[in-house]
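Structural overview
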Amino acid sequence: MSSANNLNVLVLGGSRHIGYHAALRLLGTGATVTFLLRNPSCFDSDTEIQKYVSSKNVNLVKGDATVRSDVQNVWDVATAGGESPVHVVLCTIGFSGSPSFNILKGVQISPPNLLTLSLLNLFSTMPPSTSSDTTSPKFVIISATGVNQKSRAAAPILLRPLYSYAIQGPLQDKHGAERVVSVLGGWNWDSDIPEPEDQILDRAGKWLETEGMPKAGTLKNVVVVRPALLDDGECRADKVTGKAPYRVGEGEVGGWSVSRKDVAHFVVEMVRSEAKWDAYKDRQISIAY
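To start, this report covers the structure provided alongside it.

Criteria and thresholds
- Residues numbered from 1 in each chain as written.
- Predicted model: local features only at pLDDT ≥ 70, side-chain atom pairs only at ≥ 80, totals over all residues.
- Heavy atoms only, no water.
- Pairing = 2+ DSSP bridges.
- Helix = DSSP H or I, 4+ residues; strand = E, 2+ residues; numbered from the N terminus.
- Axes fitted to C-alpha atoms, helices over the stretch in contact; angles between N-to-C directions.
- Parallel < 35°, antiparallel > 145°, perpendicular 65-115°, else oblique.
- Left-handed = near helix turned anticlockwise from the far one by under 90°.
- Contact = heavy atoms within 4.5 Å.
- Nonpolar A, V, L, I, M, F, W, Y, C, P; charged D, E, K, R; others polar.
- Expected span 1.5 Å × (residues − 1).
- Buried < 20%, exposed > 50% of the residue type's maximum accessible area, 1.4 Å probe, protein only.
- 1 Å grid on protein atoms, 1.4 Å probe; cavity = no way out; pocket = protein on both sides within 12 Å on 5 of 7 lines; lining within 4 Å.
- Points joined across faces, edges and corners; volume = space filled by probe spheres on them.
- Right-handed = clockwise from strand over helix to strand, strands pointing away.

In spatial order, the strands read β3-β2-β1-β4-β7-β8-β12-β10; together these eight strands make up an open sheet with mixed pairing. Each having just a single partner strand, β3 (58–62) and β10 (247–250) make up the two edges of the open sheet. The mean inter-strand angle of the sheet, taken between neighbouring strand axes irrespective of direction, is 20°. Strand direction decides the pairing type here: strand β4 (residues 88–91) and strand β7 (residues 138–142), joined by four bridges, are parallel.

Let us look at the packing of helix α1 (residues 17–28) against helix α8 (residues 260–272). In a pair of packed helices, the angle between the axes and the distance between the axes together describe the arrangement. Running from N to C, α1 and α8 cross one another at 50°; their axes reach a closest spacing of 8 Å. Our classification of the angle between α1 and α8 gives oblique. Crossing handedness for the pair α1 and α8: right-handed. Contacts between α1 and α8 involve His17, Ile18, His21, Ala22, Arg25 and Leu26 on the former and, on the latter, Arg260, Lys261, Val263, Ala264, His265, Val268, Val271 and Arg272. Across the contact of α1 with α8, the residue classes tally to seven nonpolar, three polar and four charged.

With 13 residues, α8 extends 18 Å between its outermost C-alpha atoms, agreeing within 8% with the 18 Å of an ideal straight helix rising 1.5 Å per residue. Burial of α8 is extensive: ten of the 13 residues sit out of reach of the surface. Residues of α8 that are buried: Arg260, Asp262, Val263, Ala264, His265, Phe266, Val267, Val268, Met270 and Val271.

The computed volume of the second largest pocket comes to approximately 440 Å³. As for the second largest pocket, its lining consists of 18 residues, of which Glu178, Asn188, Asp190, Arg226 and Gln284 are closest to the centre. Broken down by secondary-structure element, the contributors of at least two residues to the lining of the second largest pocket are α5 (149–153), α7 (168–185), β8 (222–227) and β12 (283–288). Of the residues contributing to the lining of the second largest pocket, the split by class is four nonpolar, six polar and eight charged.

Turning to the pairing of β3, a few remarks are in order. The pairing of strand β2 (residues 32–37) with β3 spans five bridges and is classified as parallel. By the bridge assignment, Thr34 is partnered in β3 with Asn59. Since β2 and β3 lie parallel, the crossover through helix α2 (residues 47–54) that links them has a hand, and here it is right-handed.

By the secondary structure assignment, Pro99 is in the loop between β4 and β5 (100–102). Taking relative accessible area as the criterion, Pro99 reaches 35% and is therefore assigned partly exposed. For the pair Pro99 and Ile109, spaced ten residues apart in sequence, the C-alpha separation works out to 4.9 Å. In this structure Pro99 touches Val107, Gln108 and Ile109, once residues within four positions along its chain are discounted.

Our next topic: unusual backbone geometry. Most of the time, phi is negative for any residue but glycine, and the peptide bond is trans. In the segment running from Ser110 into Pro111, the intervening peptide bond is cis, with an omega of -5°. Among the secondary structure elements, Pro111 is positioned in the loop between β6 (106–108) and α4 (114–124). One non-glycine residue, His17, lies in the positive phi region at around 60°. By the secondary structure assignment, His17 is in helix α1. The class for His17 is partly exposed, based on a relative accessible area of 31%. For Ala80, which is not glycine, the phi torsion reads 55° and is therefore positive. Assignment of secondary structure puts Ala80 in the loop between α3 (68–78) and β4. Here Ala80 falls in the partly exposed class, since its relative accessible area comes to 46%.

If you want it as C-alpha coordinates, here you go:
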(Lines give C-alpha, C1' and ligand atoms only; values in the text may rest on other atoms or scores of the structure.)
Protein backbone atom coordinates (compact mmCIF):
# COMPACT_ATOMS: atom_id res chain seq x y z
CA MET A 1 0.00 0.00 0.00
CA SER A 2 1.17 3.52 -0.80
CA SER A 3 1.85 5.91 2.04
CA ALA A 4 -1.11 7.88 3.37
CA ASN A 5 0.20 11.05 1.73
CA ASN A 6 0.23 9.89 -1.89
CA LEU A 7 -2.88 7.77 -2.22
CA ASN A 8 -4.39 7.18 -5.64
CA VAL A 9 -8.15 7.62 -5.20
CA LEU A 10 -11.13 6.94 -7.47
CA VAL A 11 -14.39 8.72 -6.63
CA LEU A 12 -17.86 7.94 -7.99
CA GLY A 13 -20.47 10.47 -6.93
CA GLY A 14 -18.00 13.19 -6.01
CA SER A 15 -19.55 16.23 -7.66
CA ARG A 16 -20.99 17.28 -4.30
CA HIS A 17 -21.76 16.25 -0.74
CA ILE A 18 -19.79 13.48 1.02
CA GLY A 19 -17.72 12.45 -2.00
CA TYR A 20 -16.76 16.04 -2.74
CA HIS A 21 -15.81 16.88 0.85
CA ALA A 22 -13.84 13.65 1.24
CA ALA A 23 -12.00 14.25 -2.04
CA LEU A 24 -10.97 17.76 -0.97
CA ARG A 25 -9.61 16.41 2.31
CA LEU A 26 -7.65 13.71 0.51
CA LEU A 27 -6.29 16.17 -2.03
CA GLY A 28 -5.10 18.31 0.86
CA THR A 29 -2.95 15.40 2.05
CA GLY A 30 -1.25 14.99 -1.33
CA ALA A 31 -3.52 12.35 -2.83
CA THR A 32 -4.35 12.06 -6.51
CA VAL A 33 -8.09 11.88 -7.18
CA THR A 34 -9.90 10.73 -10.31
CA PHE A 35 -13.56 11.76 -10.53
CA LEU A 36 -16.15 10.09 -12.75
CA LEU A 37 -18.62 12.87 -13.56
CA ARG A 38 -21.63 13.13 -15.79
CA ASN A 39 -20.82 16.80 -16.19
CA PRO A 40 -17.17 17.70 -15.52
CA SER A 41 -18.00 21.37 -16.07
CA CYS A 42 -19.58 21.32 -12.59
CA PHE A 43 -16.09 22.16 -11.30
CA ASP A 44 -15.33 24.95 -13.80
CA SER A 45 -15.83 27.69 -11.22
CA ASP A 46 -14.63 25.69 -8.22
CA THR A 47 -11.33 27.33 -7.30
CA GLU A 48 -10.41 24.60 -4.80
CA ILE A 49 -10.76 21.77 -7.32
CA GLN A 50 -9.19 23.80 -10.12
CA LYS A 51 -6.10 24.34 -7.97
CA TYR A 52 -5.56 20.59 -7.92
CA VAL A 53 -6.45 20.22 -11.60
CA SER A 54 -3.62 22.65 -12.36
CA SER A 55 -1.20 20.66 -10.20
CA LYS A 56 -2.18 17.41 -11.99
CA ASN A 57 -3.57 15.90 -8.77
CA VAL A 58 -7.11 15.72 -10.20
CA ASN A 59 -8.41 13.84 -13.21
CA LEU A 60 -11.90 14.77 -14.38
CA VAL A 61 -13.42 11.96 -16.47
CA LYS A 62 -16.74 12.40 -18.21
CA GLY A 63 -19.01 9.42 -17.82
CA ASP A 64 -21.99 7.79 -16.16
CA ALA A 65 -21.49 5.11 -13.49
CA THR A 66 -24.57 3.27 -14.77
CA VAL A 67 -22.79 2.75 -18.11
CA ARG A 68 -20.36 -0.15 -17.92
CA SER A 69 -17.98 1.17 -20.59
CA ASP A 70 -17.71 4.51 -18.78
CA VAL A 71 -16.74 2.78 -15.54
CA GLN A 72 -14.19 0.66 -17.39
CA ASN A 73 -12.74 3.86 -18.84
CA VAL A 74 -12.43 5.59 -15.47
CA TRP A 75 -10.58 2.57 -14.08
CA ASP A 76 -8.17 2.86 -17.01
CA VAL A 77 -7.61 6.56 -16.37
CA ALA A 78 -7.22 6.16 -12.61
CA THR A 79 -4.69 3.34 -13.03
CA ALA A 80 -2.88 5.04 -15.92
CA GLY A 81 -3.61 2.04 -18.08
CA GLY A 82 -2.69 -0.40 -15.35
CA GLU A 83 0.57 1.26 -14.33
CA SER A 84 -0.62 2.92 -11.09
CA PRO A 85 -2.75 0.94 -8.63
CA VAL A 86 -5.82 2.56 -7.11
CA HIS A 87 -5.55 2.56 -3.32
CA VAL A 88 -9.00 3.89 -2.36
CA VAL A 89 -12.40 3.82 -4.10
CA LEU A 90 -15.16 6.03 -2.72
CA CYS A 91 -18.67 5.36 -4.01
CA THR A 92 -20.88 8.11 -2.62
CA ILE A 93 -23.59 8.09 -5.29
CA GLY A 94 -26.91 9.36 -3.99
CA PHE A 95 -29.75 11.17 -5.71
CA SER A 96 -28.99 12.09 -9.31
CA GLY A 97 -30.68 14.66 -11.48
CA SER A 98 -34.18 15.65 -10.35
CA PRO A 99 -35.91 12.98 -8.23
CA SER A 100 -39.67 12.75 -8.65
CA PHE A 101 -42.31 12.38 -5.95
CA ASN A 102 -45.06 9.79 -5.94
CA ILE A 103 -47.89 10.24 -3.43
CA LEU A 104 -47.89 6.50 -2.69
CA LYS A 105 -44.16 5.81 -2.87
CA GLY A 106 -42.47 9.05 -1.84
CA VAL A 107 -39.26 10.21 -3.53
CA GLN A 108 -38.34 8.19 -6.61
CA ILE A 109 -35.03 8.17 -8.46
CA SER A 110 -34.23 7.20 -12.05
CA PRO A 111 -33.01 4.61 -12.57
CA PRO A 112 -34.42 3.12 -9.37
CA ASN A 113 -31.23 1.08 -8.89
CA LEU A 114 -28.77 3.93 -9.51
CA LEU A 115 -26.27 2.97 -6.79
CA THR A 116 -26.78 -0.77 -7.16
CA LEU A 117 -26.16 -0.71 -10.91
CA SER A 118 -23.14 1.54 -10.44
CA LEU A 119 -21.63 -0.95 -7.99
CA LEU A 120 -22.24 -3.85 -10.37
CA ASN A 121 -20.33 -1.93 -13.03
CA LEU A 122 -17.58 -0.92 -10.60
CA PHE A 123 -16.89 -4.42 -9.34
CA SER A 124 -17.22 -6.20 -12.69
CA THR A 125 -14.72 -3.88 -14.43
CA MET A 126 -12.01 -3.94 -11.77
CA PRO A 127 -8.52 -4.39 -13.26
CA PRO A 128 -6.86 -7.78 -12.66
CA SER A 129 -4.36 -6.08 -10.34
CA THR A 130 -7.12 -5.52 -7.76
CA SER A 131 -7.98 -9.18 -7.39
CA SER A 132 -5.88 -10.15 -4.35
CA ASP A 133 -6.16 -9.22 -0.69
CA THR A 134 -2.83 -7.39 -0.85
CA THR A 135 -3.60 -5.34 -3.96
CA SER A 136 -7.31 -4.67 -3.50
CA PRO A 137 -8.25 -1.02 -3.05
CA LYS A 138 -10.06 0.11 0.07
CA PHE A 139 -13.70 0.37 -1.03
CA VAL A 140 -15.99 2.72 0.90
CA ILE A 141 -19.68 2.57 -0.03
CA ILE A 142 -22.05 5.17 1.42
CA SER A 143 -25.44 3.70 2.30
CA ALA A 144 -27.90 5.15 4.84
CA THR A 145 -29.63 4.57 8.14
CA GLY A 146 -33.15 3.22 7.59
CA VAL A 147 -32.10 1.00 4.71
CA ASN A 148 -34.15 -1.92 6.08
CA GLN A 149 -36.72 -2.49 8.81
CA LYS A 150 -34.16 -3.34 11.50
CA SER A 151 -32.17 -0.25 10.70
CA ARG A 152 -35.33 1.87 10.82
CA ALA A 153 -36.27 0.37 14.19
CA ALA A 154 -32.98 1.67 15.64
CA ALA A 155 -33.66 5.23 14.46
CA PRO A 156 -35.54 7.86 16.50
CA ILE A 157 -39.26 7.15 16.25
CA LEU A 158 -40.07 10.47 14.59
CA LEU A 159 -37.67 9.70 11.73
CA ARG A 160 -39.11 6.29 10.90
CA PRO A 161 -41.88 7.60 8.59
CA LEU A 162 -39.21 9.45 6.63
CA TYR A 163 -37.32 6.23 6.03
CA SER A 164 -40.30 3.97 5.47
CA TYR A 165 -42.25 6.35 3.22
CA ALA A 166 -40.70 9.65 2.13
CA ILE A 167 -37.32 8.34 0.93
CA GLN A 168 -38.11 4.65 0.60
CA GLY A 169 -37.17 4.68 -3.11
CA PRO A 170 -33.53 5.73 -2.66
CA LEU A 171 -33.27 3.47 0.39
CA GLN A 172 -34.39 0.47 -1.64
CA ASP A 173 -31.51 1.23 -3.99
CA LYS A 174 -29.05 1.34 -1.08
CA HIS A 175 -30.54 -1.91 0.19
CA GLY A 176 -29.71 -3.45 -3.18
CA ALA A 177 -26.17 -2.09 -3.03
CA GLU A 178 -25.68 -3.61 0.42
CA ARG A 179 -26.91 -6.96 -0.89
CA VAL A 180 -24.34 -6.84 -3.68
CA VAL A 181 -21.57 -6.21 -1.16
CA SER A 182 -22.83 -8.94 1.17
CA VAL A 183 -22.86 -11.57 -1.58
CA LEU A 184 -19.51 -10.62 -3.12
CA GLY A 185 -17.88 -10.20 0.28
CA GLY A 186 -19.39 -13.32 1.83
CA TRP A 187 -21.02 -11.29 4.61
CA ASN A 188 -23.81 -12.72 6.71
CA TRP A 189 -27.27 -11.62 5.55
CA ASP A 190 -29.99 -11.57 8.18
CA SER A 191 -32.69 -14.01 7.08
CA ASP A 192 -35.32 -11.63 8.48
CA ILE A 193 -34.27 -8.97 5.97
CA PRO A 194 -36.01 -9.42 2.59
CA GLU A 195 -34.15 -9.57 -0.68
CA PRO A 196 -34.15 -6.39 -2.81
CA GLU A 197 -36.92 -6.04 -5.34
CA ASP A 198 -36.20 -7.30 -8.85
CA GLN A 199 -36.21 -3.75 -10.23
CA ILE A 200 -33.24 -3.09 -7.96
CA LEU A 201 -31.33 -6.39 -8.16
CA ASP A 202 -32.22 -9.65 -9.87
CA ARG A 203 -33.16 -11.97 -7.02
CA ALA A 204 -32.28 -15.01 -9.12
CA GLY A 205 -28.65 -13.93 -8.86
CA LYS A 206 -27.98 -13.72 -12.59
CA TRP A 207 -26.00 -10.53 -11.96
CA LEU A 208 -23.24 -12.78 -10.58
CA GLU A 209 -22.78 -14.13 -14.12
CA THR A 210 -21.79 -10.70 -15.44
CA GLU A 211 -18.45 -10.77 -17.23
CA GLY A 212 -15.67 -9.80 -14.83
CA MET A 213 -17.80 -10.03 -11.68
CA PRO A 214 -15.84 -11.34 -8.68
CA LYS A 215 -16.97 -14.70 -7.37
CA ALA A 216 -19.26 -14.69 -4.35
CA GLY A 217 -17.30 -14.43 -1.12
CA THR A 218 -14.07 -13.17 -2.71
CA LEU A 219 -14.41 -9.38 -2.45
CA LYS A 220 -12.40 -7.94 0.44
CA ASN A 221 -11.48 -4.55 1.85
CA VAL A 222 -14.97 -3.04 1.78
CA VAL A 223 -16.67 -0.80 4.34
CA VAL A 224 -20.36 0.12 4.04
CA VAL A 225 -21.12 3.35 5.92
CA ARG A 226 -24.66 4.14 7.05
CA PRO A 227 -24.92 7.81 8.08
CA ALA A 228 -27.85 9.10 10.08
CA LEU A 229 -30.01 11.80 8.47
CA LEU A 230 -27.56 14.01 6.59
CA ASP A 231 -27.31 17.77 6.85
CA ASP A 232 -25.05 20.49 5.43
CA GLY A 233 -23.69 21.61 8.78
CA GLU A 234 -20.07 22.33 9.56
CA CYS A 235 -17.46 19.70 10.27
CA ARG A 236 -17.54 19.54 14.05
CA ALA A 237 -14.49 17.26 14.05
CA ASP A 238 -12.37 20.14 12.74
CA LYS A 239 -13.21 22.19 15.82
CA VAL A 240 -12.33 19.71 18.56
CA THR A 241 -9.24 17.91 19.73
CA GLY A 242 -9.18 14.36 20.96
CA LYS A 243 -12.32 12.30 20.55
CA ALA A 244 -14.39 13.00 17.43
CA PRO A 245 -17.86 14.51 18.02
CA TYR A 246 -19.66 11.76 16.14
CA ARG A 247 -20.37 8.16 17.16
CA VAL A 248 -19.40 5.24 14.94
CA GLY A 249 -19.93 1.54 15.40
CA GLU A 250 -20.74 -1.71 13.71
CA GLY A 251 -24.44 -2.27 13.13
CA GLU A 252 -26.63 0.61 14.28
CA VAL A 253 -25.71 3.48 16.59
CA GLY A 254 -29.04 5.33 16.44
CA GLY A 255 -29.04 9.12 16.39
CA TRP A 256 -30.88 11.88 14.60
CA SER A 257 -28.36 13.32 12.19
CA VAL A 258 -24.78 13.89 11.10
CA SER A 259 -23.25 16.40 8.73
CA ARG A 260 -21.92 15.36 5.36
CA LYS A 261 -18.62 17.03 6.23
CA ASP A 262 -18.25 14.94 9.38
CA VAL A 263 -18.98 11.75 7.43
CA ALA A 264 -16.26 12.81 4.99
CA HIS A 265 -13.93 13.42 7.94
CA PHE A 266 -14.57 9.91 9.25
CA VAL A 267 -14.07 8.31 5.84
CA VAL A 268 -10.75 10.07 5.25
CA GLU A 269 -9.46 9.32 8.74
CA MET A 270 -10.38 5.68 8.22
CA VAL A 271 -8.75 5.18 4.82
CA ARG A 272 -5.56 6.99 5.86
CA SER A 273 -5.03 4.92 9.01
CA GLU A 274 -4.19 1.24 8.66
CA ALA A 275 -5.22 0.64 12.27
CA LYS A 276 -8.63 2.25 11.77
CA TRP A 277 -9.13 0.50 8.46
CA ASP A 278 -8.33 -2.88 9.98
CA ALA A 279 -10.87 -2.16 12.73
CA TYR A 280 -13.69 -1.45 10.27
CA LYS A 281 -12.95 -3.32 7.03
CA ASP A 282 -15.44 -5.88 5.73
CA ARG A 283 -18.14 -4.50 8.01
CA GLN A 284 -21.18 -2.24 7.91
CA ILE A 285 -20.55 0.83 10.08
CA SER A 286 -23.04 3.50 11.20
CA ILE A 287 -22.26 7.11 12.07
CA ALA A 288 -24.33 9.73 13.90
CA TYR A 289 -24.00 12.48 16.48
